[in-house]
Amino acid sequence: MSKKPRQNKNVKHLLMDNSVPLMFIVICAICIPLSGFSPSYLINEIVTRLGRNLFLVLCLLFPIMAGMGLNFAMTLGAMAGEIGLILASDWQIWGIPGIILAMILSIPISIFLGYICGTLMNMARGREMITSYIINYFINGIYLLVVLYMMGPIIPIMHSSIKLPRGYGIRNTTSLLNMRQHLDDLLAVNVSGVKIPVLTFLIIGALCLFIVWFRRTKLGQDMRAVGQDMEVAREAGIKVERTRIISIILSTVFAGFGMVIYLQNMGNMATYTSHSQIGMFCIAALLVGGASVEKASIGNAFLGVILFHMMFIVAPGAGAFITGDSMVGEYFRVFLSYGVITLALIMYEAKKRMAKSRAGRELAEAQVKKEDA
Amino acid sequence: MKAKTRRILFSLLLVLVLAAVAAVMMGIGRGHTVYFDNKTLEDYQGQEYKAFEKVIVTVKDEQVAKLAKRDRGMSIWIGQNFKMILEVTREKGGESEIHEIDLKLPYSVDGIVINLPALLAGRASWAWKTAGAISER
């Protein structure tokens, strides 16, 4: 008799915990038939977008591990990746070597920016997400200064195809045509019309293995301890600030790599804007996959990218079918995507407060019982 | 102290390895746009090299240009060791001949223009032109 209410409670908890991905699954299930796309087209698009975005989403796991929430400052790594790509393009290093060179060039910039970001976040403990969001704007200003004014007179840029006609600064769009999909095409396999970028997936797999391995290392364990309770971790002899900075540096460096993978797939780079939305998209994708501010897994990243990008693909088509205007579908997608971030953050805060008040109530009850006794 | 020294050494080694990989990438990944001219080169060091009737240029098993007189073709190439196959018909109605060409492209030159008649006449190793100036290697 008592089993049924417990089962109901478990189902309720399961639904509550996975409400965001479930909501997206339902919406996608409704939109897919309305959009009119063939299954092979959808699979092709999803596989392409998995290869393009997954690496970037996975780099968000490190700060979550260290209890620093969603790292909006992953954009810093994206900027470093873009600088690497600009330099590799200017030096005319093409194909896979160009991609590897851009990644290597991004490393010192990412480490430097990650260190600054981590240090600032340590100063703003407890408000990491909003701090990282604002750091993103601050560093964007510096990026503009470097790319728009310093590239040319201070940082030598030789090719006029990259440089602005005035003689300094980089053009609004940088062509990556000579690197376009070189990584994706190298070991690509075609399975009934679906192109599978095997090498890109192998690189993503290597990052997944690295994350799994890293969690088991001393540093990984320290990060998790810091994420659970900073004061307890400090008492246990863990260098809390250093550990937090390392987590941000790791996230920023991998974000730089991820941006290079992302842009080589696109084949061109909007020099001043392509990094600005990337943090938001990746965080939205991770949250759609069922992650929260304090808990995220590789599975969440995979599910999130699939569902979030499925929404990207089918929403305009579904909107066009329902209203006759594909722009409505696009508005709907934007509204839903950012609504998810808001909803997930509100749910996280509400859960945290509920847990806190429950703990307080239990403590008060225990004290009353103790006094009665 | 020992652990710290080991960490510093490891970091230095990592930096060196990354620098070495970057240097290798810069070497093997240098991209070139190579142009082929089937044009008469007049009075070049006292000689004239006449354009061919037809030249078919094949790079990496792909036909990249079919050049009549005064035509220019192009191909992109990654690395310094450029290879191409030329199928040359010297005169109208004549037999075509196949030439396999291996060239070492200069690292610092962009937009290399190769004059095919001069190249096949065996001018030094090859003739090339960049930014309007004709040079020879």
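Keep in mind the model is a prediction, meaning the values are calculated, not measured. (Residues numbered from 1 in each chain as written. Chains lettered and ligands numbered in written order. Predicted model: local features only at pLDDT ≥ 70, side-chain atom pairs only at ≥ 80, totals over all residues. Heavy atoms only, no water.)

This paragraph deals with the overall build of chain A. Looking only at helices and strands, chain A has 15 helices and four strands in total. Against the 2.2 N^0.38 benchmark of 21 Å for 373 residues, chain A shows a C-alpha radius of gyration of 23 Å, consistent with a compact globule. Its C-alpha atoms put chain A at 85 × 55 × 35 Å along the principal axes. When each of the 373 residues of chain A is scored for burial, the buried share is 47%. Excluding contacts between residues fewer than 6 apart, the proportion of contacts in chain A whose partners are at least 24 apart in sequence is 75%. Surface exposure of chain A reaches about 18100 Å², of which carbon and sulfur atoms provide 65%. (Helix = DSSP H or I, 4+ residues; strand = E, 2+ residues; numbered from the N terminus. Rg over C-alpha atoms; globule rule 2.2 N^0.38 Å. Buried < 20%, exposed > 50% of the residue type's maximum accessible area, 1.4 Å probe, protein only. Contact = heavy atoms within 4.5 Å. Areas by Shrake-Rupley, 256 points an atom, 1.4 Å probe, with all protein chains shown as cover.)

Okay, the layout of surface pockets next. Roughly 1100 Å³ of internal volume is contained in the second largest pocket. The wall of the second largest pocket is formed by 22 residues, among which Ile111(A), Ile249(A), Phe10(B), Ser11(B) and Leu14(B) lie closest to the centre. Elements with a minimum of two residues in the lining of the second largest pocket: helix H6 (95-123) and helix H12 (240-266) of chain A together with helix H1 (2-28) of chain B. With eight residues, H12(A) is the single largest residue contributor to the lining of the second largest pocket. Its residues placed into classes, the lining of the second largest pocket shows 19 nonpolar, one polar and two charged. (1 Å grid on protein atoms, 1.4 Å probe; cavity = no way out; pocket = protein on both sides within 12 Å on 5 of 7 lines; lining within 4 Å. Points joined across faces, edges and corners; volume = space filled by probe spheres on them. Nonpolar A, V, L, I, M, F, W, Y, C, P; charged D, E, K, R; others polar.)

Time to look at the packing of helix H5 (residues 74-90) of chain A against H12(A). All names here are of chain A. The contact between H5 and H12 brings their axes to 7 Å, and the two run at 55 degrees. One way to sum up the angle between H5 and H12 is to call them oblique. Judged by the sense of rotation from one axis to the other, the crossing of H5 with H12 is right-handed. Contacts between H5 and H12 involve Met74, Leu76, Gly77, Ala78, Gly81, Glu82 and Leu85 from the former and Thr252, Ala255, Gly256, Met259, Val260 and Leu263 from the latter. (Axes fitted to C-alpha atoms, helices over the stretch in contact; angles between N-to-C directions. Parallel < 35°, antiparallel > 145°, perpendicular 65-115°, else oblique. Left-handed = near helix turned anticlockwise from the far one by under 90°.)

With 14 residues of chain A in contact, the opposing surface of chain B contributes 17 residues. For the pair chain A and chain B, the summed buried surface comes to about 1100 Å²; carbon and sulfur atoms form 76% of the total. The largest contributions to the chain A side of the interface with chain B come from Trp94(A), Pro97(A) and Ile104(A), which together make up 42% of the buried area. Linking chain A to chain B there are zero salt bridges. The leading source of residues in the side of chain A that touches chain B is H6(A), at six residues. Of the residues belonging to the side of chain A that touches chain B, the class tally is eight nonpolar, five polar and one charged. (Buried area = accessible area lost by both parts, 1.4 Å probe. Salt bridge = Lys/Arg side-chain N within 4 Å of Asp/Glu carboxyl O.)

Moving on to the side chain of Asp222(A). Within the secondary structure layout, Asp222(A) lies in helix H10 (residues 218-228). Ignoring any residue separated from it by four or fewer positions in sequence, one finds Asp222(A) in contact with Ile238(A) and Thr243(A).

Bringing the packing of H10(A) against H12(A) into the picture now. All names here are of chain A. The interhelical angle for the contact between H10 and H12, taken along N-to-C directions, is 110 degrees, at an axis separation of 10 Å. Between H10 and H12, the angle is such that the two are roughly perpendicular. From H10, Leu219, Asp222, Met223 and Val226 reach across to H12, where they touch Val240, Thr243, Arg244, Ile246, Ser247 and Leu250. Here the residues of the contact of H10 with H12 sort into six nonpolar, two polar and two charged.

Since the α-helix advances by 3.6 residues per turn, residues separated by three or four positions end up pointing in the same direction. Residue and element names in this part refer to chain A. The buried count for helix H13 (residues 278-288) comes to nine of 11 residues, which makes it a mostly enclosed element. Among all positions of H13, only Ile278, Gly279, Cys282, Ile283, Ala284, Ala285, Leu286, Leu287 and Val288 are buried. Looking one or two residues beyond H13, the residue adopting positive phi is Gly290, at roughly 100 degrees.

The next point concerns the nonpolar core. Membership of the largest hydrophobic core comes to 106 residues, with the highest contact counts inside it found for Leu58(A), Ile86(A) and Leu286(A). The element contributing the most residues to this core is H12(A), with 13 residues. Each residue touching Leu58(A), except ones within four places of it in the same chain, is listed here: Ile204(A), Leu207(A), Cys208(A), Ile211(A), Ile298(A) and Ala301(A). Ranked by size, the runner-up nonpolar core spans 22 residues in total, among them Phe36(B), Leu105(B), Ile114(B) and Leu116(B). (Core = buried A, V, L, I, M, F, W, Y, C linked by side-chain atoms within 4.5 Å.)

Here we take up the pattern of salt bridges. Residues and elements named next belong to chain A. According to the stated counting rule, one finds 11 salt bridges over all chains in the structure shown. Residues Glu45 and Arg49 are paired through a salt bridge, measuring 3.3 Å at the closest nitrogen-oxygen approach. Of this pair, Glu45 and Arg49 both sit in helix H3 (residues 39-58), four residues apart, which is roughly one turn of the helix. Residue Glu45 is classed as partly exposed on the basis of its relative accessible area, which comes to 22%. Of the charged contacts, one joins Asp185 and Lys195 as a salt bridge, the two residues approaching to 2.6 Å between their closest N and O atoms. In this pair, Asp185 sits in helix H8 (residues 182-186) while Lys195 sits in strand S3 (residues 194-196), placing the two residues 10 residues apart along the sequence. Relative accessible area serves as the criterion here: at 40%, Asp185 is assigned to the partly exposed category.

What follows deals with the packing of aromatic side chains. Under the counting rule described, the total for this entry stands at 17 aromatic pairs over all chains. For the pair Tyr149(A) and Tyr168(A), a centre-to-centre distance of 6.1 Å together with 35 degrees between the ring planes defines the contact as tilted. Of this pair, Tyr149(A) sits in helix H7 (residues 128-150) while Tyr168(A) sits in the loop between H7 and strand S1 (173-175), and the two are 19 residues apart along the sequence. For Tyr149(A), a relative accessible area of 43% puts it in the partly exposed group. When the centroid spacing of 5.8 Å and the interplanar angle of 25 degrees are considered together, the rings of Phe210(A) and Phe214(A) count as stacked. Residue Phe210(A) and its partner Phe214(A) are located together in helix H9 (residues 198-216), separated by four residues, close to a single helical turn. A relative accessible area of 5% means that Phe214(A) is categorised as buried. Cluster of aromatic residues (ring-pair linked, three or more members): Phe55(A), Phe62(A), Phe210(A), Trp213(A), Phe214(A), Phe254(A) and Phe257(A). In this arrangement the basic side chain of Arg30(B) is found over the ring face of Tyr107(B), its NZ or CZ atom lying 5.4 Å from the centre. The cationic tip of Lys60(B) hangs over the ring face of Trp77(B); the distance from NZ or CZ to the ring centre is 5.0 Å. (Phe/Tyr/Trp six-rings, centres within 6.5 Å; stacked < 30°, edge-to-face > 60°. Lys NZ or Arg CZ within 6 Å of the ring centre and 35° of its normal.)

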